[in-house]
Structures are given as C-alpha cells and as structure tokens.
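Reading the structure
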Amino acid sequence: MKKKFINLAVTACLCFSLLSCASNNPNSKMVTAAQNFLESLDANQKAKVYADFGSKERTSWVFLPDKYIKPEKKRFGLTLKEMNETQRQLGFNLLNSALSEQGQMTVSKVRLLEAILLKLTQNPIRDKDLYYVSIFGIPSTETTWGWTFEGHHMSVNVTFVDGQHLSLTPAFYGSVPGVVTIGEHKGLQVLAGEENIARELAQSLSSAQLSKAAVFTEVPKDIFSLDHTKVARKEFDISKGLPYKEFNVRQQNLVKGIINVYIEKFRPELLNNLDNSPLSEIDSLVFVWVGSTVQGKPHYYRLVTPNHLLEYDNIQNGAMHPHAAWREFDGDFGEDLLLNHHSKHHHK
C-alpha cells in the first residue's frame, strides 16, 4: 500500500511541467531524489528507512555515537554501511539536494574524522558509514513529508509542509578533534568558520561590550539546547547579551559572517524559501560569549533572535571538541508550519 501511494505521488509530481517544478518549488529535486533512493531499496531496507510522518522517530534526534544512545542504542533509518554502492550514492543525492557545496564539504570532513579516529583507536563506534537515512511521509510537491541524514556529530533534518513551506532545523555538526594536529590531514578544522569568525568578533569587543556579552561567568559543559526535541525558549533570554545595534559596522559584518557560516550549508534556493531566517531578524539579535578569546582555550557563544538560535561550544577534550547547532524555538521539524497548517485546515 505504501509503495502504491509513493508511486502515485511521483506520478502527480511528473504531471507538472519541469520548468514549473524547478522554478517554483525547491521541493521537486528532493522528491525525485527521495523516490530514486526508495526505488533502489528492497523491502527490508524500505522498512528501515520509511515511516509515517506522524512517527515519533521523526523528531527524535541525537548527535552521539550509537553506543551512547539510550535506551535502544541505535537510530531509526538505514545506514550507509547497509547499502550497496548505488544505493549509497542515491542516499547522498538526497542529502546533496539540500546541501550547498559548503555543506557537502562539512559532511565529508565529519565523516573523514570518523575514519581517522577508527584507524587510530580501532574503536568500532568510529565509522564513516554509520550514518542513517530516514524518510517520513510520502515525498511529493504537494504533501507534508521530511527526511533525515544523521550519525555521530551530524544531523540534517528537512521538512516540507503542504509541499511548499520549509524547515531546515535542527541542523547540527560537531568535530573531534577540533583541529587535526598530526598526520596527512594536519590542519583540518571542520568548524573553522563557526569558531574563527566568532573569536575575531569576541576579540574586537571593548571591555564594556564583552562585559555585556558575558551573561554568565563559567563555560557550560555543552551547548544548552543539546539534542532536545524542542528548545526551551526560557533558557535563552533575548534581553540578556550584547545587542546587534551596539556593534560597530565591522562587528556587524562579522555577526553576519557567523550567521552565514551556519545557514549557507544549505542550498540558496532553500534559504530563499524560508519564512524567516536569523538574517531577517538580525536587528533583534543578541550575542553571548563566555570563556577565553584565546585560541585553544574553552569558550561558548550563541546568537539569539526572536525565532532562531545559533549555538556553539568548544570546551570538551581541552577545547578540541566543538559542537555547533542551528535551532528554531518554535520551528524545529516544521512545528510552527504544522501548527499553522492544522489551524487553517480546522478553520475550513
């Protein structure tokens, strides 16, 4: 029955002109990529990949290695390891239908670090192919559906509501080590932009600005939002921190640079389709920095707008284990879009 519905959705999409699909709906490329991927799988593989949109698995995400996931110690989805070469490429085609070149490079570097760590430690939890693809709902340019690509230190979550309205959060990347210090990949820094531009901003602050940005005295153990399904807005008081309007022009450009590093991992046509973004709310933004401004020392920062949170820490393992996340207070997994959809549907 599911396959019948999926094929019907593909047929419906193909009824549109290619020009219309390409120009008006950024969902169309993903529909094609998702369908090609699903059609390449056998029945057992599909059962691992596919679930209804209402499944609780859709909003369950985690950035830990499988070994530390409780209670099941595994994610929902099909791993790259369980796919043949063709299926693996089709899975990456789905991922790359959302990611820009910058985003694709970040994914490659995160997976490369897993391969390096496996070689160094012989620990099987370090595996560049232990990343999962999952699809929720029937892919279509008219329906509500989504997909996830996730594993250690990476979670990409894309949701379409009514085939048009788009959510790209939560989006998470991490890195161990923060900078590779030995071997053929010496100097590799996966989250270079997230860290280095923010440090440049922090180092440019006056004493008064830095005092206002430091809303607490000690660095936390991790990002506050962690892998919670919903971000607790009350933990990120937008009245506390250094407001965007108190930066000089150079500093404001650095703030924009930080934001772009986070969001431009996605394709521009997707970003243009968002109802709002951190950039559209930048006049209301506040910046928080806690910890040292010296490279290699523990630090934490966040950028907060009324609807968005960009959060970063580099604290663990001697400040060699950074985490970076783009979250929405009400919009992760398209929850605000779904609420609006249900409200209109109920009204009708």
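Residues numbered from 1 in each chain as written. Predicted model: local features only at pLDDT ≥ 70, side-chain atom pairs only at ≥ 80, totals over all residues. Heavy atoms only, no water.

1. A look at the overall build of the protein
Stated precisely, the cut-off is as follows: We count a stretch as a helix when DSSP gives it H or I for four or more residues in a row; a strand needs E for two or more, and each element gets its number in order from the N terminus. The reference for a compact globule is 2.2 Å times residues^0.38; the radius of gyration itself is calculated from the C-alpha atoms. Only protein chains enter the area calculation, which uses a 1.4 Å probe; residues under 20% of their type maximum are buried, those over 50% are exposed, and those in between are partly exposed. In this description, contact between two residues means that some pair of their heavy atoms is separated by no more than 4.5 Å. Note on areas: these come from Shrake-Rupley sampling with a 1.4 Å probe, and a residue is covered only by the protein chains present in the view.
Looking only at helices and strands, the protein features 12 helices and 12 strands. A compact globule built from 348 residues would reach a C-alpha radius of gyration of about 20 Å, and the protein, at 20 Å, matches this within 12%. In terms of overall dimensions, the protein has a C-alpha envelope of 65 × 55 × 40 Å along the principal axes. Put simply, the protein has 348 residues, and 52% of those count as buried. Considering only contacts in the protein between residues 6 or more positions apart, those separated by 24 or more positions represent 67%. When the accessible surface of the protein is summed, it comes to about 16200 Å², and 54% of that surface belongs to carbon and sulfur atoms.

2. Observations concerning empty space enclosed by the protein
A probe matching the size of a water molecule, rolled over the atoms, marks out where space remains unfilled. Applicable threshold: As defined here, a cavity is a set of points on a 1 Å grid over the protein atoms alone where a 1.4 Å probe fits but cannot get out. A pocket is an open set with protein on both sides within 12 Å along at least five of seven lines, and residues line them when an atom is within 4 Å of a point. Grid points are joined across faces, edges and corners, and a volume is the space filled by probe spheres set on the points. Residues are sorted three ways: Asp, Glu, Lys and Arg are charged, Ala, Val, Leu, Ile, Met, Phe, Trp, Tyr, Cys and Pro are nonpolar, and all the rest, Gly among them, are polar.
If you walk through the whole model with that rule in mind, you get 3 cavities of 30 Å³ or more. Taken as a whole, the largest cavity holds about 60 Å³ of empty space. What lines the largest cavity is simply Ala-171, Tyr-173, Glu-194, Tyr-262, Lys-265, Ala-324, Ala-325 and Trp-326. Sorting the residues of the lining of the largest cavity by element identifies strand E7 (171-174) and strand E12 (322-328) as the ones contributing at least two each. Considering each element in turn, the lining of the largest cavity owes the most residues, 3 residues, to E12. In terms of residue class, the lining of the largest cavity is built from 6 nonpolar, no polar and 2 charged. The calculated volume of the second largest cavity comes to roughly 40 Å³. What lines the second largest cavity is simply Pro-65, Asp-66, Arg-75, Glu-114, Ile-125, Asp-127, Leu-130, Tyr-131 and His-152. Residue composition of the lining of the second largest cavity, by class: 4 nonpolar, 1 polar and 4 charged.

3. Thoughts on the pattern of salt bridges
Definition in use: For this analysis, a salt bridge means a side-chain nitrogen from Lys or Arg found within 4 Å of a carboxyl oxygen belonging to Asp or Glu.
For the structure on display, the rule yields 15 salt bridges. Note that Glu-200 is salt-bridged to Arg-250, the shortest N-O span being 3.0 Å. Of this pair, Glu-200 sits in helix H7 (residues 192-204) while Arg-250 sits in helix H9 (residues 249-263), and the two are 50 residues apart along the sequence. By relative accessible area, Glu-200 is classed as partly exposed at 33%. Via salt bridges that share partners, Asp-66, Arg-75 and Glu-150 belong to a single interconnected network.

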